[in-house]
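So you can see what is in the structure, the chains are spelled out below.
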Amino acid sequence: MAIDGIEVRMTPSYPGRFIRTEVLETLGLSVTRSAGIPGVRRATLSALLNGNASLSP
């Protein structure tokens, strides 16, 4: 990717780590409890947090 003629070589970080540290740990939520909030299965959220699933809009 080039911005104003400068090539930027950055890989976006995986969202699972951010969600775990900034949301779950900060709020003191378990994976089971936090999966119930948006209504997803615990296994689905766990896969996302552990890097075994992707996140899309």
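Our structure is the block above this text.
For clarity, every value in this text was computed on a predicted model and none was experimentally measured.

Caption draft 1: Up close: the overall build of the protein chain. A count of helices and strands for the protein chain gives 3 helices and 2 strands. Traced from its N-terminal end to its C-terminal end, the protein chain shows the element sequence β-β-α-α-α. At 15 Å, the protein chain has a C-alpha radius of gyration far larger than the 10 Å of a compact globule built from 57 residues. Expressed as lengths along the three principal axes of its C-alpha atoms, the size of the protein chain is roughly 45 × 20 × 15 Å. A buried classification covers 16% of the 57 residues belonging to the protein chain. For the protein chain, the proportion of contacts with a sequence separation of at least 24, taken over those separated by at least 6, is 42%. Accessible area of the protein chain: about 4,700 Å², with a carbon and sulfur share of 56%. Of the charged side chains in the protein chain, 6 are positive and 4 negative; the average position of the first set lies 18 Å away from that of the second.

Caption draft 2: Fine view of a nonpolar patch on the surface. A surface patch of nonpolar side chains, amounting to about 300 Å² of accessible area, comprises Phe18, Val23 and Leu27. Position of Val23 relative to the elements: it lies in helix 1 (residues 15–27).

Calculation criteria
Residues numbered from 1 in each chain as written. Predicted model: local features only at pLDDT ≥ 70, side-chain atom pairs only at ≥ 80, totals over all residues. Heavy atoms only, no water. Helix = DSSP H or I, 4+ residues; strand = E, 2+ residues; numbered from the N terminus. Rg over C-alpha atoms; globule rule 2.2 N^0.38 Å. Buried < 20%, exposed > 50% of the residue type's maximum accessible area, 1.4 Å probe, protein only. Contact = heavy atoms within 4.5 Å. Areas by Shrake-Rupley, 256 points an atom, 1.4 Å probe, with all protein chains shown as cover. Lys, Arg positive; Asp, Glu negative; His and termini not counted. Charge placed at Lys NZ, Arg CZ, Asp CG, Glu CD. Patch = residues over 30% accessible without salt bridge, like charges linked within 9 Å, V, L, I, M, F, W, Y side chains within 5 Å. Salt bridge = Lys/Arg side-chain N within 4 Å of Asp/Glu carboxyl O.

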